[in-house]
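The chain contents come next:
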Amino acid sequence: MITLGIETSCDETAVAVVEDTFTLRANLIARQEHLHERFGGVVPEVAARAHVEALNPLLARALDEAGVDVGDIDVVAVTEGPGLVGALLVGMAAAKAFSLASGAGLIGVHHLEGHVWANFLVHGPPAPPYVALIVSGGHTMLAHMPDAHTFEVLGQTLDDAAGEAFDKVARLIGLGFPGGPAIDRMAAAGDPQAIAFPRAMAESGDLDFSMSGLKTAVLRHVKRERAAGRDIDPADLAASFQEAIVDVQVSKTMTAVRQTGVDTVLLGGGVVANSRLRSRMADAGRAAGVRVLAPPPELCTDNAAMIACAGAARWARGERSSLDIGVDPNLRLGV
Ligand code: KG4
Ligand code: ZN
């Protein structure tokens, strides 16, 4: 079975072709970062227009790279939400048109389920249950997964998402957009213990997150140092901030593991590309005797391979979407 995946929920136009759920035949991404950089964040209208321009040529290239024709596609899997409404609509319209013209089936996929399913692209799903930590530009969430398609939300951020915090702090210290990769690189040369930033709710026992105290602490530190005429070492600041975020993610995830008794953790979302989060989670997993899976970094950030994979699996379970499926910018995940 050949599945075409389409993902346009934010600022990446992405198309992929997957065979038999887990085998990647093509995985293309047209990035728009250069269009949003000068605004310091994603501008929804700019993103939607860029998707319109990029999508058709990308579709043609993906089919070409996969060595398939339009008629070979059995199913089109498309992100139905959450995300930017205009951006989502571009991908959804293309998916419906493709399905109608070619006779391929149609299946809508939750963006965050896609992020978790990126783990399965290489080896397929290990035996459930799992705890999933989903950390992206728009979401920070822990979920218990009794099976590979069911999400029971255990906790989530009360304010900013982790990726958003990375992006805001990067902007504050002049590292550009997107901030996550820039802080990751800068932190490699810094001392994670240089500045003692707060670990919000790390040991509170509940599984919600809050980034606002950390963000304020970074802002206050920068203002204080500047007012005192002292130089700020961006590497130390990046490393200390990153360590504070990572500490909380790791400790909450391991609390969720203890509370649920599962022995497999799935990491998903753009922030999982972070080198420190990956190594600290791997260490914590080893220490607790728990398996921790993370997609390769290039499959952590938005891509269509994860959407094709999750969609193909839902299709194989007999699920179908009709041509009147809509997009939902606030689509909820699970229960
Ligand atoms: O999953 P994603 O590509 O898009 C959303 O669904 O939001 O996540 C994007 C977020 C951005 O905030 C970006 O700064 C962050 O992921 N990110 C990182 C790294 N690479 C991307 N954050 C920390 N370290 C990284 N290496
Ligand atoms: Zn995403």
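Above this text is the structure in question.
Residues numbered from 1 in each chain as written. Chains lettered and ligands numbered in written order. Predicted model: local features only at pLDDT ≥ 70, side-chain atom pairs only at ≥ 80, totals over all residues. Heavy atoms only, no water.

## Comments concerning helix 2 (residues 44-66)
Across its 23 residues, helix 2 extends 31 Å between first and last C-alpha, which sits within 8% of the 33 Å expected from 1.5 Å per residue. The largest bend in helix 2 amounts to roughly 35 degrees and is located at Ala54, with the proline Pro57 lying one to four residues further along. Among all positions in helix 2, only Ala47, Ala48, Ala50, His51, Ala54, Leu55, Leu58, Leu59, Ala62, Leu63 and Ala66 are buried. Buried residues along helix 2 sit in contact with strand 1 (2-7), strand 2 (12-19), strand 3 (23-31), helix 1 (33-36) and helix 3 (85-102). (Helix = DSSP H or I, 4+ residues; strand = E, 2+ residues; numbered from the N terminus. Expected span 1.5 Å × (residues − 1). Bend = angle between axes of the 7 residues up to and from the residue. Buried < 20%, exposed > 50% of the residue type's maximum accessible area, 1.4 Å probe, protein only. Contact = heavy atoms within 4.5 Å.)

## Focus on the coordination of the zinc ion (ligand 2)
The protein atoms donating to the zinc ion (ligand 2) are His111 (NE2), His115 (NE2) and Asp302 (OD), with metal-donor distances spanning 2.0 to 2.1 Å. Donor residues for the zinc ion (ligand 2), ordered by position in the chain, follow H-x3-H-x186-D. Of this pair, His111 and His115 both sit in helix 4 (residues 111-117), separated by 4 residues, roughly a single helical turn. Here His111 and His115 have matching classes, each one buried. (Donors = N, O, S within 2.8 Å, 3.2 Å for Na, K, Ca; no water.)

## So, the packing of helix 6 (residues 162-172) against helix 9 (residues 234-260)
Direction vectors running N to C along helix 6 and helix 9 enclose 170 degrees, while the axes themselves pass 11 Å from each other. Here helix 6 is positioned roughly antiparallel relative to helix 9, judged by the angle of their axes. Residues Ala162, Ala165, Phe166 and Val169 of helix 6 touch helix 9, and the partners they reach there are Leu237, Phe241, Gln242, Ile245 and Gln249. Classifying every residue of the contact of helix 6 with helix 9 gives 7 nonpolar, 2 polar and no charged. (Axes fitted to C-alpha atoms, helices over the stretch in contact; angles between N-to-C directions. Parallel < 35°, antiparallel > 145°, perpendicular 65-115°, else oblique. Nonpolar A, V, L, I, M, F, W, Y, C, P; charged D, E, K, R; others polar.)

## Notes on unusual backbone geometry
The residue after Gly81, namely Pro82, is reached through a cis peptide bond having omega -10 degrees. When you line up the elements, Pro82 lands in the loop between strand 4 (75-81) and helix 3. That bond from Phe177 to Pro178 is cis: its omega, -5 degrees, falls within 30 degrees of zero. Following the sequence through the fold, Pro178 ends up in the loop between helix 6 and helix 7 (179-187). Within the chain, Asp20 stands out as a residue other than glycine whose phi angle is a positive 50 degrees. Secondary-structure assignment places Asp20 in the loop between strand 2 and strand 3. A positive phi angle, close to 70 degrees, is found at Thr21, a residue other than glycine. For Thr21, the position within the fold is in the loop between strand 2 and strand 3.

So yeah, pure geometry; function would need other evidence.
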